[in-house]
Each structure stands twice: as structure tokens, then as C-alpha cells.
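Close look at the chain arrangement
Residues per chain are reported as follows:
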Amino acid sequence: MQTDNRVSTFDPIAENKLIALVLRDVSFFMKIQHLVKPEYFREDIRPIVAAFMDHYKRYRLPLTDPTALTHAARVNKKLVRFIYQIPIKGADHNYYMDLFVNFCKTWELEKFVF
């Protein structure tokens, strides 16, 4: 099992839903894109987030094609397929935005203190 070097961690279920929202819901991503950093996510997700953010910074558009994301991140397509199967319809955007913002604050504060 890989060790996770993050200072703080998400609840795994919430993290899965959050990453699904970031990658698949453009309106959600646009609201929090300035906060998204690969190191905030668990190690197996980081290459996906990094490839997604690199694409966004280069083209100013989210990468919405799961096949292209798999290729860009050089990750197992099963992981990307898993993320794209997480239901996001009806997800409470405000709840997940608050969850992510609070996590980012805690992560940066703990990183600064420790």
C-alpha cells in the first residue's frame, strides 16, 4: 500500500465525489479551479489532477474526454473509468465547494505549522 504524504486527508468517499465533480462538472470546476492542486488529492489521483490542470492552463478549457485524460495522465484506464462512473447528478455543489475550501485552508495551515 502506498503511503499518503498529505498533511490532512479527505474522507475517501467525499474525495471520490469531489474529484468526479472537478473532472466532469465544468461549472463546478470553474468555481474552484483556482484552488485545485494535485497534492491535495491521494497519490493515485494526483497524475490525473495534474494532467487535467496542465490541459486547463494550456488551453483554458477543462479536459472532458476520459480517453484523452487517461493518455495525458499515463494512468490505468480503470481508475479514470471508476471516476467517470461516480454519480454526480444532483450533487450539492455548495456542500462540496465548502468541503474543498475548508480542506484547502486546513491543509495549507497544517503545512505551514508543521
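Here, every reference points to the structure presented above.
In this report, we go over the structure that sits alongside the text. Predicted model, so just to flag it, every value in this text is computed and none were measured.

This next bit is on the packing of aromatic side chains. For any pair of aromatic rings, the description consists of the separation of the ring centres together with the inter-plane angle of the planes. As enumerated under the stated definition, the model contains 7 aromatic pairs in all. With a centroid separation of 4.9 Å and 75 degrees between ring planes, the pair formed by Y40 and W107 is classed as edge-to-face. Separated by 67 residues along the polypeptide, Y40 in the loop between α2 (26–32) and α3 (46–59) and W107 in helix α6 (residues 93–113) bring together distant segments of the chain. Both residues of the pair, Y40 and W107, count as buried. Geometrically, the ring pair formed by F41 and F100 is stacked, given 6.0 Å between the ring centres and 20 degrees between the ring planes.

Our focus in this paragraph is the pattern of salt bridges. The final tally for this structure, using the stated rule, is 3 salt bridges. A salt bridge links E15 to R42; the shortest N-O distance between them is 3.5 Å. You can see E15 sitting in helix α1 (residues 12–24) and its partner R42 sitting in the loop between α2 and α3, a full 27 residues away along the chain. Summarising the burial analysis for this pair, E15 and R42 share the class buried. A salt bridge links R42 to D44; the nearest nitrogen and oxygen atoms lie 2.8 Å apart. Given a relative accessible area of 18%, R42 falls into the buried group.

A positive phi angle is found at R60, which is not glycine, with a value near 60 degrees. Tracing the backbone shows R60 in the loop between α3 and α4 (66–73). Assessed through its relative accessible area of 51%, R60 is described here as exposed. Backbone geometry at R74 places phi at a positive 55 degrees, although glycine is not the residue there. Within the element layout of this structure, R74 appears in the loop between α4 and α5 (77–85). In this structure R74 comes out as exposed when scored by relative accessible area, which is 74%.

A separate point is the packing of α3 against α4. At a minimum axis separation of 8 Å, α3 and α4 run at an interaxial angle of 110 degrees. Classified by the interaxial angle, the pair formed by α3 and α4 is roughly perpendicular. Facing P47, I48, A51 and F52 of α3, the residues of α4 in contact are L69, A72 and A73. Counted by class, the contact of α3 with α4 contains 7 nonpolar, no polar and no charged residues.

Scoring rules and cut-offs
- Residue numbering note: each chain is counted from 1, following its sequence as written.
- Local features in this predicted model are restricted to residues of pLDDT 70 or higher, and side-chain atom pairs are both shown and tallied only at a pLDDT of 80 or more, whereas totals for entire chains, interfaces and linings draw on every residue.
- Each side-chain value is worked out from all heavy atoms of the structure, with water and hydrogens disregarded.
- Paired rings are identified among Phe, Tyr and Trp, the last through its six-membered ring, by centres lying within 6.5 Å, and are further divided according to the angle between planes into stacked (under 30 degrees), edge-to-face (over 60) and tilted (the rest).
- Labels follow the DSSP assignment, with helices taken as runs of H or I lasting at least four residues and strands as runs of E lasting at least two, numbered in each case from the N terminus.
- When accessible area is computed with a 1.4 Å probe and restricted to protein chains, residues below 20% of their type maximum are described as buried, those above 50% as exposed, and intermediate ones as partly exposed.
- Any Lys or Arg side-chain nitrogen located within 4 Å of an Asp or Glu carboxyl oxygen qualifies as a salt bridge.
- Only the stretch in contact is used when a helix axis is fitted, and all axes are lines through C-alpha atoms; the angle between N-to-C directions ranges over 0 to 180 degrees.
- Comment on the angle field: the value is read as roughly parallel under 35 degrees, roughly antiparallel over 145, roughly perpendicular from 65 to 115, and oblique elsewhere.
- Note on definitions: a residue-residue contact is assigned when non-hydrogen atoms from the two residues lie within 4.5 Å.
- Residue classes follow a fixed rule: Ala, Val, Leu, Ile, Met, Phe, Trp, Tyr, Cys and Pro count as nonpolar, while Asp, Glu, Lys and Arg count as charged, and any other residue, Gly among them, counts as polar.

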